[in-house]
Amino acid sequence: MSVVNEEDIISNIKETVLNTDGVSSLTENLTEQLSKSILGISSPNKGIKISKDKMGMVIDIFVSINYGENIPEISWNIQENVANTLKTQFQLNISKIDI
C-alpha cells in the first residue's frame, strides 16, 4: 500500500469541487480569514479542511455557489463527486464530507 500525500488529496478535491456545476469558487473558512487578516498568512488549502475520525477521513469544504443555483443539490453533487473521486483514485475511507 502506498502512502498518499495530503497535498495530492487536497489538489484532487479542489479540482473536483471546481468542476462541479454551480460552484463559483472555494472560500476561506473563519480560521483562514482570521489568520489572513491578523497574521497576514494565507492558506494554500483555501476552502478545504481534512481531519480523521474513527471511521476514516473527514473533509470540510467551503464553497461559493453561483446565484440562483439549488444549494442542497449542488452540495449533494459536491459530496458525491469528491467521495467517488477519492475512493477511485486513492482508495480512501471517507467518514463524511461537509459542505
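Preceding block: the structure.
Here the structure is a predicted model, which is why all the values come from computation and not from measurement.

Chemist: Honestly, the overall build of the protein chain in this entry has me stumped. Any pointers?
Modeler: Secondary structure summary: the protein chain contains three helices and five strands in total. Ordered by position from N to C terminus, the α and β elements of the protein chain give α-β-α-β-β-β-α-β. Counting across all 99 residues of the protein chain, residues that qualify as buried make up 33%. For the protein chain, contacts bridging at least 24 residues in sequence account for 65% of all contacts bridging at least 6. For the protein chain, the computed accessible surface area is about 6600 Å², with 49% contributed by carbon and sulfur atoms.

Chemist: Help me out: how do you make sense of the sheet that holds strand β3 (residues 56–61) in this one?
Modeler: The strand order across the open sheet formed by three strands is β2-β3-β5, and the pairing between neighbours is mixed. Of all strands in the sheet, those with a lone pairing partner are β2 (48–53) and β5 (94–98), marking the two edges. Going from strand to strand, the sheet's axes swing by 15° on average, the running direction of each strand aside. Relative to β5, β3 runs parallel, the two being bridged by four bridges. By the bridge assignment, aspartate 60 is partnered in β5 with aspartate 98. Strands in contact with helix α1 (residues 6–18) are β2 and β3; relative to β2, the strand with the most contacts, it is inclined by about 125°.

Chemist: Where do I start with the environment of glutamate 69 in this structure?
Modeler: In this fold, glutamate 69 is placed in the loop between β4 (63–65) and α3 (71–90). Sequence separation between glutamate 69 and valine 23 is 46 residues; the distance between their C-alpha atoms is 8.9 Å. In this structure glutamate 69 touches Gly22 and Ile74, once residues within four positions along its chain are discounted.

Chemist: It is not clear to me how α1 should be interpreted in this structure. Could you clarify?
Modeler: Given 3.6 residues per turn, any residue in an α-helix points the same way as the ones three and four places further on. With 13 residues, α1 extends 18 Å from end C-alpha to end C-alpha; this agrees with the ideal 18 Å at 1.5 Å per step. Three or more residues of α1 are buried, namely Ile9, Ile10, Asn12, Ile13, Thr16 and Val17. In a view along the axis of α1, the buried residues occupy a sector of 160°, so they form one face of it. Exposed residues pointing more than 90 degrees away from the buried face of α1 are listed as Glu7 and Glu15. Residues of α1 that are buried sit in contact with β1 (23–26), β2, β3, β4 and α3. Where α1 begins, the capping side chain belongs to asparagine 5, and its oxygen is found 2.8 Å from the backbone nitrogen of glutamate 7.

Chemist: Any chance you could explain the pattern of salt bridges here in plain terms?
Modeler: In a structure, side chains of opposite charge can pair up when their charged atoms sit close to one another. Taken as a whole and assessed by the stated rule, the structure comprises one salt bridge. Two residues, lysine 96 and aspartate 98, come together in a salt bridge whose shortest N-O distance is 3.7 Å. For lysine 96, a relative accessible area of 41% puts it in the partly exposed group.

What counts, and at which threshold
One numbering rule holds for all chains: residues counted from 1, following each sequence as written. Local features in a predicted model are, by the rule used here, given only for residues with pLDDT of at least 70; side-chain atom pairs are given and counted only at 80 or more, and totals for whole chains, interfaces and linings are based on all residues. Computation of side-chain values covers all heavy atoms of the structure but excludes hydrogens and water. Helix numbers and strand numbers start at the N terminus; a helix is a DSSP run of H or I with at least 4 residues, a strand a run of E with at least 2. Partly exposed describes any residue whose relative accessible area lies between the buried limit of under 20% and the exposed limit of over 50%, with all areas from a 1.4 Å probe on protein chains only and scaled to the type maximum. By the convention used here, residues are in contact when the closest approach between their heavy atoms is within 4.5 Å. To measure how exposed things are, a 1.4 Å probe is used in the Shrake-Rupley method; for residues, cover is taken only from the protein chains shown. By this definition, two strands are paired if DSSP reports at least two bridges between them. Between N-to-C directions, angles cover 0 to 180 degrees, with each direction set by a line fitted to C-alpha atoms, over the stretch in contact for helices. By definition here, a helix of n residues has an expected span of 1.5 Å times n minus one. Of all possible arcs, the one meant is that of the directions from the helix axis to the C-beta atoms. Here a polar contact is recorded for every N or O atom pair within 3.5 Å, except that within protein the pair must consist of a potential hydrogen donor and a potential acceptor, and residues adjacent in sequence are included only if both atoms are side-chain atoms. The rule for a salt bridge is simple: a side-chain nitrogen of Lys or Arg has to be within 4 Å of a carboxyl oxygen of Asp or Glu.

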